Amino acid sequence: MKTTTLLLALVASYLVPHTALAADAPAAAAPAGADNFYGSPTVSGERVSFRNQYQMNVVGTLYRPQGLDRGSRAPAIIFGHPMGAVKEQSAQLYAQKLAEQGFVTLAIDLPFWGESDGEPRNLVAPELYVEAFSASVDYLGTRDFIERDRIGVLGICGSGSFSIAAAKLDPRLKAVATVSMYDMGAVTRQGLNKSLSREQRRAMLEQAAQQRYAEFEHGKGIFLDYLPVTLPADADPVTREFWAFYRTPRGAAVPAGYTLQQTQNRMLTSEVRFMNFYPFNDIETISPRPLLFITGSEAHSREFSEAAYRLAGQPKELFVVPGAGHVDLYDRTDLIPFDKLGRFFQQHLAALE
């Protein structure tokens, strides 16, 4: 997710298709430890698909530790990818690393993204994103190798806020962790560090409302092309941080039928739906189920994890990774505290009575 400046970069022309593929992404030096496309030698993965309550197919990758006793029931963890991303970006890395610690894990594509159903593509639909986590519990809890009372969730970036919203509604989610969380509602309403003025907010809503006429009559939408394939020379630091992951071989993942430019970017009339999304309201009602918020000391998104921690009930923990930025915790295995996450879920899932 981008900063306020990017949210307000309303494109005057429609998205122009390009033929860039992940392999054609601009070259850039990846930081130490970056391993987004990690493949575990001790974990087996399979593509799975199941329906949500809207009768849409949710697609994910299910991972199991090799040697897992097929006659027993294991604890499970659901993983949600960053906003605008797909399961191959960050979520599958985390899912494999936690599967290596003995959990069955499921990395999903949210509806309208990746392999999951939903038209038009790249649609912002917070309610359906939240529903995808409960649908994942439906699926896992009906497998004969899963202990349905030991299912947790981990949301990365925007999925941190979606997983919290899901946990408020679904007590079957027994433990909740977030990494580099974005409150997608607050950042759309107020910008990072509350930098969006009321006038700017009204202008965005007004333009989106007027644009709906054009889409109703002609079916053409204005995309927020805030993450171009070529990095502008005057790009702000947040844009540079995201670009270095999503637009280079380090993290670029292009679903079938897409172009690189079409990934991440969303329609203006769709984006404004986040203004009605309040994931932290009533977050204290998740208690006594545990919450773990992980953020980087240098993360531009740190404010959201800190806000959620202040509002949440007990038990809760805020864990700050020294020297880590927001995107560092997407894929930098030298910084991501996988051991910490493993202990959290072991304590609250594997040892659950």
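Residues numbered from 1 in each chain as written. Predicted model: local features only at pLDDT ≥ 70, side-chain atom pairs only at ≥ 80, totals over all residues. Heavy atoms only, no water.

Caption draft 1: Fine view of the overall build of the chain. In terms of regular secondary structure, the chain is built from eleven helices and ten strands. At 19 Å, the chain has a C-alpha radius of gyration in line with the 20 Å of a compact globule built from 353 residues. In terms of principal-axis extent, the alpha carbons of the chain reach across some 60 × 45 × 40 Å. The buried share of the chain, reckoned over its 353 residues, is 58%. When the accessible area of the chain is evaluated, it comes to approximately 14,200 Å², of which 50% is carbon and sulfur surface. The distance from the centre of the 34 positive side-chain charges to the centre of the 38 negative ones in the chain is 3 Å. (Helix = DSSP H or I, 4+ residues; strand = E, 2+ residues; numbered from the N terminus. Rg over C-alpha atoms; globule rule 2.2 N^0.38 Å. Buried < 20%, exposed > 50% of the residue type's maximum accessible area, 1.4 Å probe, protein only. Areas by Shrake-Rupley, 256 points an atom, 1.4 Å probe, with all protein chains shown as cover. Lys, Arg positive; Asp, Glu negative; His and termini not counted. Charge placed at Lys NZ, Arg CZ, Asp CG, Glu CD.)

Caption draft 2: Representation of the sheet that holds strand 4 (residues 104-108) in the model. Pairing in this open sheet of eight strands is mixed, and the strands run 1-2-4-3-5-6-9-10 from one edge to the other. With partners counted over all chains shown, the strands left at the sheet margins are strand 1 (43-51) and strand 10 (316-321), one partner each. Taking each pair of neighbouring strands and ignoring which way they run, the sheet shows an average axis angle of 20°. Across five bridges, strand 5 (residues 146-156) lies against strand 6 (residues 173-179) in parallel orientation. Its bridge partner lying in strand 6, Ile151 is registered against Leu173. (Pairing = 2+ DSSP bridges. Axes fitted to C-alpha atoms, helices over the stretch in contact; angles between N-to-C directions.)

Caption draft 3: Main features of the packing of helix 2 (residues 91-99) against helix 11 (residues 338-350). Between helix 2 and helix 11, the least distance of the axes is 10 Å, while the angle of their chain directions is 60°. When the axes of helix 2 and helix 11 are compared, the crossing they make is right-handed. Contacts from Leu93, Tyr94, Lys97 and Leu98 of helix 2 reach helix 11 at Phe338, Leu341, Gly342 and Phe345. Among the residues forming the contact of helix 2 with helix 11, the class breakdown is six nonpolar, one polar and one charged. (Left-handed = near helix turned anticlockwise from the far one by under 90°. Contact = heavy atoms within 4.5 Å. Nonpolar A, V, L, I, M, F, W, Y, C, P; charged D, E, K, R; others polar.)

Caption draft 4: View of the packing of aromatic side chains. Taken as a whole, this structure holds 13 aromatic pairs when the rule is applied. Between the aromatic rings of Phe50 and Tyr139, the centroid separation amounts to 4.8 Å while the plane-to-plane angle is 15°, which identifies the pairing as stacked. Here Tyr139 lies in helix 3 (residues 126-141) and Phe50 lies in strand 1, a separation of 89 residues in the sequence. Note on accessibility: Phe50 and Tyr139 belong to one class, buried. Here the aromatic rings of Phe242 and Tyr246 are separated by 6.2 Å at their centres, their planes lie at 15°, and the arrangement is stacked. On the criterion of helical spacing, the pair formed by Phe242 and Tyr246 is a turn pair, its members being four residues apart in helix 7 (residues 237-246). Judged by relative accessible area, which is 0%, Phe242 ranks as buried. Note on Tyr246: relative accessible area 1%, which makes it buried. Aromatic rings pair up to connect Tyr129, Phe162, Phe274 and Phe277 into one cluster. Lys97 extends its terminal NZ or CZ atom over the ring of Tyr38, reaching a point 4.0 Å from the ring centre. The ring of Tyr278 has Arg189 sitting right over it, with the charged end atom 3.7 Å from the ring centre. (Phe/Tyr/Trp six-rings, centres within 6.5 Å; stacked < 30°, edge-to-face > 60°. Lys NZ or Arg CZ within 6 Å of the ring centre and 35° of its normal.)

Caption draft 5: Here's a closer look at empty space enclosed by the protein. Within this structure, the stated rule accounts for one cavity of 30 Å³ or more. When its volume is computed, the largest cavity comes out at roughly 50 Å³. Forming the boundary of the largest cavity are Gly84, Ala85, Val86, Gln89, Trp113, Gly114, Asn122, Ala253, Pro255, Tyr258, Thr263 and Gln264. Taken together, the residues of the lining of the largest cavity sort by class into six nonpolar, six polar and no charged. (1 Å grid on protein atoms, 1.4 Å probe; cavity = no way out; pocket = protein on both sides within 12 Å on 5 of 7 lines; lining within 4 Å. Points joined across faces, edges and corners; volume = space filled by probe spheres on them.)

Caption draft 6: Focus on the packing of helix 3 against helix 4 (residues 158-169). Taken N-terminus to C-terminus, the directions of helix 3 and helix 4 make an angle of 65°; their axes are 8 Å apart at the nearest point. Judged by the sense of rotation from one axis to the other, the crossing of helix 3 with helix 4 is right-handed. Here Tyr129, Val130 and Phe133 of helix 3 lie close against helix 4, whose contacting residues are Ser159, Phe162, Ser163, Ala165, Ala166 and Leu169. Taken together, the residues of the contact of helix 3 with helix 4 break down into seven nonpolar, two polar and no charged.

Caption draft 7: Representation of the environment of Thr259 within the structure. Checked against the element boundaries, Thr259 lands in the loop between helix 7 and strand 8 (266-267). Judged by its relative accessible area of 10%, Thr259 falls in the buried class. Between the C-alpha atoms of Thr259 and Met275, which are 16 residues apart in sequence, the distance is 28 Å.

Geometric descriptors of this kind do not, in isolation, establish any biological role.
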